[in-house]
Amino acid sequence: MSDKKPKNIFVEGPVSPVKIGEDIAHHQKKSNIGAHSIFMGQVRADSVDGEAVLAIEYTAHQEMALLAMHEIREAIFAKYPLTCLHITHSLGLVKAGEICLFVFASAVHRKEAIDACEEVVERIKKELPIWGKELFNDDQYQWKENKG
Amino acid sequence: MSDKKPKNIFVEGPVSPVKIGEDIAHHQKKSNIGAHSIFMGQVRADSVDGEAVLAIEYTAHQEMALLAMHEIREAIFAKYPLTCLHITHSLGLVKAGEICLFVFASAVHRKEAIDACEEVVERIKKELPIWGKELFNDDQYQWKENKG
Amino acid sequence: MQVQLMSYGALTDVTGSEVFELEISQQSVTVAELKLILLARYPALEGKTFRIAVNERFVVDEFEVLPGVIIALMPPFSGG
Amino acid sequence: MQVQLMSYGALTDVTGSEVFELEISQQSVTVAELKLILLARYPALEGKTFRIAVNERFVVDEFEVLPGVIIALMPPFSGG
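Procedures and definitions
- Numbers given to residues run from 1 along each chain, matching the order in which its sequence is written.
- To label them, take the chains in the order written and letter them from A, then take the ligands in the order written and number them from 1.
- For a predicted model such as this one, the threshold for reporting local features is a pLDDT of at least 70, and the threshold for listing and counting side-chain atom pairs is 80 or more; totals across whole chains, interfaces and linings nevertheless cover every residue.
- As a rule here, side-chain values come from all non-hydrogen atoms in the structure, and water together with hydrogens is ignored.
- Only runs of H or I of at least four residues qualify as helices and only runs of E of at least two qualify as strands under DSSP, and these elements are numbered from the N terminus.
- Pairing of N or O atoms within 3.5 Å defines a polar contact, subject to two protein rules: one partner must be a possible hydrogen donor and the other a possible acceptor, and residues neighboring in sequence count only if both atoms are side-chain atoms.
- For this analysis, residues touch if any pair of their heavy atoms sits within 4.5 Å.
- Computed with a 1.4 Å rolling probe, the buried area is the accessible surface lost when two parts are put together, summed over both parts.
- Any Lys or Arg side-chain nitrogen found within 4 Å of a carboxyl oxygen on Asp or Glu counts as a salt bridge.
- Polar here means any residue outside two lists: the nonpolar Ala, Val, Leu, Ile, Met, Phe, Trp, Tyr, Cys and Pro, and the charged Asp, Glu, Lys and Arg; Gly therefore counts as polar.
- The buried label applies to any residue whose accessible area, calculated with a 1.4 Å probe on protein chains only, is under 20% of its type's maximum; exposed applies above 50%, and partly exposed to all values in between.
- Paired strands are those between which DSSP finds at least two bridges.
- Centres within 6.5 Å are what make two rings of Phe, Tyr or Trp a pair, Trp counting through its six-membered ring; a difference in plane orientation under 30 degrees is then read as stacked, over 60 as edge-to-face, and the rest as tilted.
- Geometrically, a lysine NZ or arginine CZ counts as sitting over a ring once it is within 6 Å of the ring centre and also within 35 degrees of the ring normal.
- Angles run from 0 to 180 degrees between N-to-C directions of axes, and those axes are lines fitted to C-alpha atoms, restricted for helices to the stretch in contact.
- The span one expects for a helix is its residue count, reduced by one, times 1.5 Å.

Student: What am I meant to see in the side chain of Arg44(A) here?
Tutor: Inspection of the secondary structure puts Arg44(A) in the loop between strand 2 (35–42) and strand 3 (47–48). A polar contact is formed between the side chain of Arg44(A) and the side chain of Asp46(A), at a distance of 2.8 Å. In contact with Arg44(A), other than residues within four places in its own chain, are Val53(A), Ala96(A), Ser31(B), Asn32(B), Ile33(B), Gly34(B), Val108(B) and His109(B).

Student: What's the story with the interface of chain C and chain A in this structure? I'm lost.
Tutor: Where the parts come together, the accessible area they lose is often given as the size of the interface. With 17 residues of chain C at the interface, the matching set in chain A holds 22 residues. Buried area between chain C and chain A, both sides added, is near 1,600 Å², and the carbon and sulfur share of it is 60%. When the buried surface of chain C facing chain A is broken down by residue, Phe77(C), Ser78(C) and Gly80(C) rank first, second and third, together holding 40% of it. Taken together, chain C and chain A are joined by 0 salt bridges. Counting across the interface, chain C meets chain A through 13 residue pairs in polar contact (both at pLDDT 80 or more). Looking at side-chain class alone, the side of chain C that touches chain A contains 9 nonpolar, 5 polar and 3 charged residues.

Student: Just to check I follow, could you spell out the environment of Met40(A) for this structure?
Tutor: All names here are of chain A. Secondary-structure assignment places methionine 40 in strand 2. Judged by relative accessible area, methionine 40 falls into the buried class, the value being 0%. In the structure, methionine 40 is positioned 25 residues away from valine 15 in sequence and 9.3 Å away in space, judged by C-alpha atoms.

Student: Sorry if this is basic, but what is going on with the environment of Leu135(B) here?
Tutor: With respect to the helices and strands, the residue Leu135(B) is situated in strand 8 (residues 130–135). In contact with Leu135(B), not counting residues within four places along its chain, are Ala52(B), Val53(B), Leu54(B), Ala55(B), Glu57(B), Leu93(B), Gln140(B) and Tyr141(B).

Student: Looking at this structure, I do not really get the pairing of strand 2 (residues 35–42) of chain B. What am I missing?
Tutor: Walk down a regular strand and you will see the side chains alternate between the two sheet faces. Residues and elements named next belong to chain B. Of all 8 residues making up strand 2, 8 are buried, and the element is well covered by its neighbours. Neither face of strand 2 is exposed, since Ala35, Ser37, Phe39 and Gly41 on one face and His36, Ile38, Met40 and Gln42 on the opposite face are all buried. Both strand 2 and strand 7 (residues 99–107) contribute to a ladder of 8 bridges, which runs antiparallel. Within strand 7, the position partnered with phenylalanine 39 by the bridge is valine 103.

Student: Help me understand the interface of chain A and chain B, please; the structure alone is not making it clear to me.
Tutor: On the chain B side, the residues contacting the 40 residues of chain A number 40 residues. Summing both sides of the interface, chain A and chain B together bury roughly 3,300 Å²; the carbon and sulfur share of this comes to 52%. For the interface between chain A and chain B, the tally reads 4 salt bridges. Ionic pairing is found between Arg110(B) and Glu122(A), a salt bridge with its closest N-O pair at 2.9 Å. Of all the secondary structure elements, the ones that give two or more residues to the side of chain A that touches chain B are helix 1 (17–26), strand 2, strand 7 (99–107) and helix 3 (110–127) of chain A.

Student: Before we go on, may I ask you to explain the arrangement of the chains in this structure?
Tutor: Pairwise contact counts over the 3 pairs of chains in contact peak for chains A and B. At the level of C-alpha atoms, the two units chain A and chain D stay apart, their nearest approach being 10 Å. These two, chain C and chain D, are apart from each other, with no contact and a minimum C-alpha gap of 30 Å.

Student: Even after reading the chapter, I still don't get unusual backbone geometry, so can you show me in this structure?
Tutor: A negative phi angle characterises most non-glycine residues, just as the trans form characterises most peptide bonds. The residue Asp138(A) is not glycine, and still its phi comes out positive at about 55°. Even without being a glycine, Glu56(C) presents a positive backbone phi close to 70°. Classification of Glu56(C) as partly exposed rests on a relative accessible area of 35%.

Student: Please explain the packing of aromatic side chains as it appears in this structure.
Tutor: The way to describe two aromatic rings as a pair is by their centre distance and the angle between their planes. Under the definition given, this model contains 10 aromatic pairs over all chains. When the ring of Phe20(D) is compared with that of Tyr42(D), the centres are 5.6 Å apart and the planes differ by 80°; the resulting orientation is edge-to-face. Of this pair, Phe20(D) sits in strand 2 (residues 19–23) while Tyr42(D) sits in the loop between helix 2 (31–41) and strand 4 (51–54), and the two are 22 residues apart along the sequence. Here the aromatic cluster, defined as three or more aromatic residues joined through ring pairs, consists of Trp131(A), Tyr8(C) and Phe77(C). Sitting over the ring of Phe58(C), Arg51(C) keeps its end group 3.7 Å from the ring centre.

Student: How should the sheet that holds strand 2 of chain D be read in this particular structure?
Tutor: Backbone hydrogen bonds are what pair the strands of a sheet, in a parallel or an antiparallel way. Residues and elements named next belong to chain D. The mixed open sheet is built from 5 strands, whose spatial order is 2-1-7-4-5. Two strands lie at the open edges of the sheet, namely strand 2 and strand 5 (57–58), each paired on one side alone. The pairing of strand 1 (residues 2–7) with strand 7 (residues 70–74) spans 4 bridges and is parallel. Among the inter-strand pairings, glutamine 4 is bridged to a residue of strand 7, identified as isoleucine 70. Against the sheet, helix 2 engages strand 1, strand 2, strand 4 and strand 7, with an angle of about 105° to strand 2.

Student: What's the story with helix 3 (residues 110–127) of chain B in this structure? I'm lost.
Tutor: Each full turn of the α-helix corresponds to 3.6 residues, which orients residues three or four apart in the same direction. Given a rise of 1.5 Å per residue, 18 residues ought to cover 26 Å, and the 25 Å separating the end C-alpha atoms of helix 3 of chain B matches this to within 8%. For helix 3 of chain B, the complete set of buried residues consists of Arg110(B), Glu112(B), Ala113(B), Ile114(B), Ala116(B), Cys117(B), Glu118(B), Val120(B), Val121(B), Ile124(B) and Lys125(B). At its buried positions, helix 3 of chain B is contacted by strand 2 and helix 3 of chain A together with strand 2, helix 2 (62–79), strand 6 (82–95) and strand 7 of chain B.

Student: Sorry, what's going on with the side chain of His36(B) here?
Tutor: Here His36(B) is to be found in strand 2. Among the residues examined, His36(B) registers a relative accessible area of 0% and is labelled buried. At 2.5 Å, the side chain of His36(B) forms a polar contact with the side chain of Gln42(A). With sequence-adjacent residues up to four places away left out, His36(B) is seen in contact with Ile38(A), Phe39(A), Met40(A), Gln42(A), His27(B), Phe104(B), Ala105(B), Ser106(B) and Ala113(B).

Interpretation note: all reported values are geometric properties and have no functional meaning in isolation.
Shown next, in the form of structure tokens:
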């Protein structure tokens, strides 16, 4: 067994803003950090044919997603001198207005934190086997598509 | 009087992580937001000649800083289709590990939120008349310098 | 041979189920052959973009599918 | 004339005070002339990089400084 076991990134339901505030607070002990860059994806109440998206239901090939995320982590840490990197993605139901993705990169200097955070977000969208089902009223739905 | 009066961005002392969590939570009502990008500057316990920075004391030419920030806001909103943009900068004492700058950009799509947030951070560092005094033990200090 | 399949995202609408089994007359097929078998059984797969993983690894068309493996049918990802 | 000055950041170490006044024999000087007066009074300003604002606006060397204005001496910014 490697001690570099893929970390879990999934939570059932939305990512809690209180939890995000707590995560930020926990990083105040690390006094070598100078910059944090955070990205959060939030479910939009997009209108499709006059009907608003009420929620997105996320499913994933969890094992493959965690392996892919692990590879991304390793590549990012090899490329950027980060202090830490935390990722949380929702599974199951996330209502419009709630947070479904949280990426938190910290570094000594801002450039690394900002660039690493953005690259992680792009790679998550492209490389993690996760799917969103956009739910409307009356059991209507459509499968979410990520723009390039 | 213009109704586009410069907003205050200054708080006395550090930016509270709890307050940041609450700010994030407040944006869940805006169901047209799809992406949030956040930058936080944190005071590092940098070592200079073997002495660690204990805190930074921030002073500003407040009126000019708020005018400059106002101009940056206008330029950013003209350039990027943002939903909202919030900025908080500390004045006075911020201890090592505490947050001194909080930039929070939200948009329908991630690219705008991420790019706008980064540009605001760069412009704040370059254009706002704010100075940091790095405090060490025994009343020693040195004036902070921002790298290009 | 029998293989177990899992379909994800929009493909579950096509296959009707997230987990299902497929009875194949040969004892081994390539991924390319498997695709034809799937297309015959689920004509709605025609024109759909999807990738195939065998036992949690993405595989090329020439990959040999053996009895007992688990096959994942994955449409374009839409996480985040 | 008398002008009021404010110095910021590292310049407060040079001027010794954040707010101070300067008595100038002329009734109007350019910013370039003001800089020479300041250098004479605070030789440690020599070689320091700083910008000058008059009544909260950055001004060029040719700008005319009149009685009653407030002058800000600002070294490179280091916020964030």
